[in-house]
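Observations on the model geometry
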Amino acid sequence: MKNRYILFLTPIALLFAVSCGKKSKPNAELPPTPVNVAEAKTAEAIYYDEYQGTVTALNIVELRSQVSGFITGIFFKEGDVVPQGKELYEIDRRKYVAAYNQAEANLGSANANLVKAQKDIDRYNMLLQNDAVARQTVDQAQAAYLSSKGDVDVAKAAVLSAKTDLSYATITAPFTGRIGISQVRLGSQVSPGTTLLNTISSEHPIGVDVVINEQDIARFYKLKQNGTDSTFKLKLSNDSLYNEPGKVLAIDRGVNNQTGTVTVRIQFPNKQDVLKDGMSCVLQVLNSESGNRLIIPYKAITEQMGEFFVFVAQDTIALQHKVKLGPRIGANVVVMSGLNQGDQVITDGFQRLRDKGKITLGKPAAAGAPAGGAK
């Protein structure tokens, strides 16, 4: 029985000895991580800040009738550019012509009465000098003359009013601009001041409105004084760039006390009629810090808890650096702080790295030529 226990314990002892022998050996060292690097270089970096904008006509007017009646004439093609003063709509003129003619006739009658009153007073004054007429009669003639003079003034005002109403029966373009789709047709009845006929807006030049924070107001006032042709660029909704330069036209009078923002209007030429009122776009504003900046490939960046890091190759180890980033420029990114020119930034293979991890260099990757504008 004793021999049977000895035989049973022998294999267990051997396994325990082997296990202890394995634990006593040191952990095997991990092999170096193969990586590619790119050199941090200083280059000309021109980049823009972006603001959401809306294209807006610098002059836009809703056409409404000032008199009532029926539309008897439409003299334009919808969507065309109409010159200032062009006749656009005609409202039935007949009653306004008649009213004007009546006012003219009343004026003629008033003028005739004034002439008669003038002659009467002249005659009575001559008779008064010879004591051939009573003073009371002269006074009555004087009063009749003044009354006739007042009637002439009233008649003149009536003529002017009738003439104005007659002119309102023909609606003309207040300025040169593009007219929209008519809201009324021939035979439509219109009411003064309420019926919208159409809308006309100017197109060249045209504006772009953006909303900025109050902290940027001083910057835009400075750009208004010292802006250049490259200060403002416009990116359209199809991501194409508008090829005309802009300038600050106006900065709104005050800051919205609820949002802390202010509206700025940038003016652009629009000879080719590319920009339309109401279009959405992105205004790109040249950043004042553009110039010689340190640039690295964007793919070298890692983000952790809202902070940005890169790995820099130093001999056979990788050191992690915290960096402050500027804008992206094509495939690259501007580094404001945290790196020096000439640092070998790891661009491939850093996903498996830790700070001070062992590395082996592969073929260096090209840093990429810096682009001239931000994406």
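This one's a predicted model, so the numbers in the text were calculated from it and none came from an experiment. (Residues numbered from 1 in each chain as written. Predicted model: local features only at pLDDT ≥ 70, side-chain atom pairs only at ≥ 80, totals over all residues. Heavy atoms only, no water.)

Let's shift gears to the nonpolar core. Phe232, Leu234 and Phe268 are the most contacted members of the largest nonpolar core, which has 23 residues in total. Among the secondary structure elements, those contributing two or more residues to this core are β3 (48-56), β12 (206-213), α4 (217-226), β13 (232-236), β15 (247-251), β16 (261-268) and β17 (280-286). With 19 residues, the next largest nonpolar core counts Leu63, Ile71, Tyr96 and Ile171 among its residues. (Core = buried A, V, L, I, M, F, W, Y, C linked by side-chain atoms within 4.5 Å. Buried < 20%, exposed > 50% of the residue type's maximum accessible area, 1.4 Å probe, protein only. Helix = DSSP H or I, 4+ residues; strand = E, 2+ residues; numbered from the N terminus.)

So, on to unusual backbone geometry. With an omega of 0°, the peptide bond between histidine 204 and proline 205 qualifies as cis. Along the chain, the position of proline 205 falls in the loop between β11 (196-201) and β12. Phi is positive for aspartate 239, which is not a glycine, with a value near 70°. Mapped onto the secondary structure, aspartate 239 falls in the loop between β13 and β14 (241-242). In this structure, aspartate 273 is a non-glycine residue whose phi angle is positive, near 60°.

Spatially, β4-β11-β9-β6 is the arrangement adopted by the four strands of the open sheet, whose pairing is antiparallel. If you trace the sheet from one side to the other, it starts and ends with β4 (60-64) and β6 (81-82), each paired once. (Pairing = 2+ DSSP bridges.)

It is worth spelling out the side chain of aspartate 92 at this point. Along the chain, aspartate 92 turns up in the loop between β7 (87-91) and α2 (94-129). Within the local environment of aspartate 92, its side chain forms a polar contact with the side chain of arginine 94, the two groups lying 2.8 Å apart. Contacts of aspartate 92, omitting those with residues within four sequence positions, involve Phe70 and Thr72. (Polar contact = N/O pair within 3.5 Å; in protein donor to acceptor, adjacent residues only side chain to side chain. Contact = heavy atoms within 4.5 Å.)

Take the environment of glycine 338 next. Looking at the element boundaries, glycine 338 is found in the loop between β22 (332-337) and β23 (344-348). Classification of glycine 338 by relative accessible area gives partly exposed; the value is 34%. Considered as a pair, glycine 338 and valine 310 are 28 residues apart in the sequence and their alpha carbons are 9.1 Å apart.

Relative to strand β20 (residues 307-314), strand β19 (residues 302-304) runs antiparallel, the two being bridged by three bridges. Bridge pairing links threonine 302 to phenylalanine 309 in β20. Joining the antiparallel neighbours β19 and β20 is a turn of two residues, in which methionine 305 adopts a positive phi near 55°. Here β20 folds back onto strand β21 (residues 317-329) in antiparallel fashion, the turn holding two residues, of which aspartate 315 has a positive phi close to 60°.

Counting through the fold element by element, proline 297 comes out in strand β18 (residues 291-297). Residue proline 297 is classed as buried on the basis of its relative accessible area, which comes to 5%.

Helical geometry note: an α-helix holds 3.6 residues per turn, so side chains three or four residues apart project in the same direction. Taking 1.5 Å per residue, 34 residues should reach 50 Å; helix α3 (residues 135-168) reaches 50 Å between its end C-alpha atoms and fits that length. Within the span of α3, buried status applies to Val138, Ala141, Tyr145, Ser148, Val152, Ala155, Val159, Ala162 and Leu166. (Expected span 1.5 Å × (residues − 1).)

The subject of this paragraph is the pairing of β17. Of all seven residues in β17, five are buried; the element is thus mostly enclosed. By the bridge criterion, five bridges tie β13 to β17 in an arrangement that is antiparallel. Counted as the bridge partner of lysine 233 is glutamine 284 from β17.

For the structure shown, the criterion picks out 12 salt bridges. With a shortest N-O distance of 2.7 Å, aspartate 209 and arginine 265 are connected by a salt bridge. Remark: arginine 265 occurs in strand β16 and aspartate 209 occurs in strand β12; sequence separation between them is 56 residues. One connected set of salt bridges, linked through shared partners, spans Arg178, Glu203, Asp273 and Lys276. (Salt bridge = Lys/Arg side-chain N within 4 Å of Asp/Glu carboxyl O.)

The next subject is the confidence of the model for the chain. Looking at the chain, pLDDT values average 82 and 86% of them are 70 or higher. When the criterion is pLDDT under 50, residues 5-9 qualifies, and its contacts beyond four places in sequence or with other chains add up to zero contacts. Across residues 364-375, where pLDDT falls below 50, the model places 33 contacts with residues more than four positions away in sequence or in other chains. (pLDDT = per-residue confidence, 0-100.)

At 2.7 Å, the side chain of aspartate 209 forms a polar contact with the side chain of arginine 265. Discounting chain neighbours no more than four positions away, the residues touching aspartate 209 are Gln52, Gly53, Thr54, Thr56, Thr263, Val264 and Arg265.

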